[in-house]
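# Structure at a glance
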Amino acid sequence: MKLDSAPLEISGIPQTDIELELKDSNDFSLTPAIAQPVQPLVAENPQKQESVLVVFGTTFVTIFLAEIGDKTQLSTLLMSAQSHSPWMVFIGSAAALITTSLLGVLLGSWISSRLSPKTVEKSAGVMLLVISLMLFWDVFTSH
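This is a predicted model, so every value here is computed, not measured. (Residues numbered from 1 in each chain as written. Predicted model: local features only at pLDDT ≥ 70, side-chain atom pairs only at ≥ 80, totals over all residues. Heavy atoms only, no water.)

### Observations concerning the overall build of the protein chain
Along its length, the protein chain carries four helices and four strands. When the helices and strands of the protein chain are placed in sequence order, the string is β-β-β-β-α-α-α-α. Counting every position in the protein chain, which comprises 143 residues, the buried fraction comes to 3%. For the protein chain, long-range pairs separated by at least 24 residues make up 8% of all intrachain contacts whose partners lie at least 6 apart in sequence. A total of about 13000 Å² of accessible surface is found on the protein chain, and carbon and sulfur atoms cover 70% of it. (Helix = DSSP H or I, 4+ residues; strand = E, 2+ residues; numbered from the N terminus. Buried < 20%, exposed > 50% of the residue type's maximum accessible area, 1.4 Å probe, protein only. Contact = heavy atoms within 4.5 Å. Areas by Shrake-Rupley, 256 points an atom, 1.4 Å probe, with all protein chains shown as cover.)

Here is the structure:
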């Protein structure tokens, strides 16, 4: 007995290739069908583009604000004043900051491939807390 409810074509395979036959009342046999590979849909995702810009903007603002007035900026200012070669100091300090940032990104990428984001987040919080406590301890014991 053949069933006539099958669609005319399933992913390029004609109906004659896909037939369901009833041998017994409880025994079904399917004619083998050839599996077609599924092609992923690639579409431009504006939300992905925005998230890249958000990550860039957040990183830039965070690092920019963190670096204003710190030891690195003051050292660069003094080196520029002493050397009378501000562009060489700029190139040297920019190369150093890029290199340290690269090391941070590579290390962060390596850590994130081995630990969950939640573990990394908690570990960073604990490390910052320990550093803060050490700084407070140093301030209170130095007087």
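### Some words on the packing of aromatic side chains
Summed over all chains, the structure comprises four aromatic pairs. Consider the rings of Phe 136 and Phe 140, whose centres lie 6.4 Å apart with planes at 20°: the pair is stacked. Here Phe 136 pairs with Phe 140, and both are found in helix H4 (residues 117-141), just four residues apart, close to one helical turn. The two residues Phe 136 and Phe 140 agree in class, both being exposed. Cluster of aromatic residues (ring-pair linked, three or more members): Phe 56, Phe 60 and Phe 64. (Phe/Tyr/Trp six-rings, centres within 6.5 Å; stacked < 30°, edge-to-face > 60°.)

### Let's talk about H4
Helix length check: H4, at 25 residues, gives a terminal C-alpha distance of 36 Å against a target of 36 Å (1.5 Å per residue), a fit within 8%. Among the 25 residues of H4, zero are classified as buried, and the element is accordingly described as predominantly exposed. (Expected span 1.5 Å × (residues − 1).)

### Re the environment of Arg 114
Here Arg 114 shows up in helix H3 (residues 86-114). Engagement of the side chain of Arg 114 in a polar contact is seen with the side chain of Ser 113, the distance being 2.8 Å. (Polar contact = N/O pair within 3.5 Å; in protein donor to acceptor, adjacent residues only side chain to side chain.)

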